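What the coordinates show
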Amino acid sequence: MKGKACRNCHFIQKGTNVRSCERCKSTDFSTEYQGLVIILDPKGSIVARKLGVTRDGWYAIKPR
Ligand SMILES: [Zn+2]
């Protein structure tokens, strides 16, 4: 999947016209990232806890 990964909160947004992160309002993005996790249940996910994710969505484990 093509998208932009927020370097601050790791949230991935689709599309190329993304200007700011809809989660944390950061404008620091990376189009390259290692690892992709889809968080469906933030409260029950160890990965979500590790990443500090509180909402469902697509997240990059390691934005470059
Ligand atoms: Zn963000």
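The paragraphs below set out a description of the structure included in this document. Computed from a predicted model, the values in this text were never measured in an experiment. Once a new chain begins, its residue numbering starts again from 1 and follows that chain's sequence as written. Totals for whole chains, interfaces and linings use every residue, but because this is a predicted model, local features are given only for residues with pLDDT of at least 70 and side-chain atom pairs only at 80 or more, for both listing and counting.

Helix and strand counts for the chain come out as 1 helix and 5 strands. Helix numbers and strand numbers start at the N terminus; a helix is a DSSP run of H or I with at least 4 residues, a strand a run of E with at least 2. Ordered by position from the N terminus, the helices and strands of the chain form the series β-β-β-β-α-β. Using C-alpha atoms as the atom set, the radius of gyration is obtained and then compared with a globule rule of 2.2 Å times the number of residues to the power 0.38. The C-alpha radius of gyration computed for the chain amounts to 11 Å, which stays within 12% of the reference 11 Å derived for 64 residues, consistent with globular compactness. The C-alpha extent of the chain, read off along each of the three principal axes, is 30 × 20 × 15 Å. With C-beta atoms placed from the backbone, a residue counts as buried when 20 or more other C-beta atoms lie within 10 Å of its own, as exposed when 12 or fewer do, and as partly exposed for counts between those limits. With 64 residues in all, the chain has 23% of them scored as buried. Partitioning the contacts of the chain with sequence separation of at least 6, the portion at a separation of at least 24 is 40%. Residue pairs are scored as contacts if the distance between their C-beta atoms, which are placed from the backbone, is within 7 Å.

Let's shift gears to the sheet that holds strand 1 (residues 4-6). Whether two strands pair depends on DSSP finding at least two bridges between them. As summarised here, the arrangement of the 3 strands in space is 2-1-3, forming an open sheet in which the pairing is antiparallel. Of all the strands in the sheet, just strand 2 (12-13) and strand 3 (29-30) have a single pairing partner and so form its edges.

Our next topic: unusual backbone geometry. Of note in this structure, H10 is not a glycine but carries a positive phi near 75°. Within the element layout of this structure, H10 appears in the loop between strand 1 and strand 2. In this structure, K25 is a non-glycine residue whose phi angle is positive, near 70°. As for its position among the elements, K25 is in the loop between strand 2 and strand 3.

A5, C6, C9, F11, I12, C21, F29, Y33, I39, A48, Y59 and A60 together form the largest nonpolar core, which totals 12 residues. Those elements giving two or more residues to this core turn out to be strand 1, strand 4 (33-39) and strand 5 (57-63). Residues contacting A5, with those up to four places away along its chain left out, are H10, I12, F29, S30, Y33, A60 and P63. To define a nonpolar core, we join buried Ala, Val, Leu, Ile, Met, Phe, Trp, Tyr and Cys residues through C-beta atoms within 7 Å and take the resulting set.

Our next topic: the environment of K25. Take K25: there are 10 C-beta atoms within 10 Å of it, and that puts it in the exposed class. Sequence spacing of K25 and A5 is 20 residues, and the spatial spacing of their C-alpha atoms is 12 Å.

It is worth spelling out the environment of V47 at this point. Tracing the backbone through its elements, the reader meets V47 in helix 1 (residues 46-51). Judged by the 14 C-beta atoms lying within 10 Å of it, V47 falls in the partly exposed class. Spatially, the C-alpha atoms of V47 and Q34 are 15 Å apart, while their sequence positions differ by 13 residues. Discounting residues that sit within four places of it in the chain, V47 has contacts with V37 and I39.

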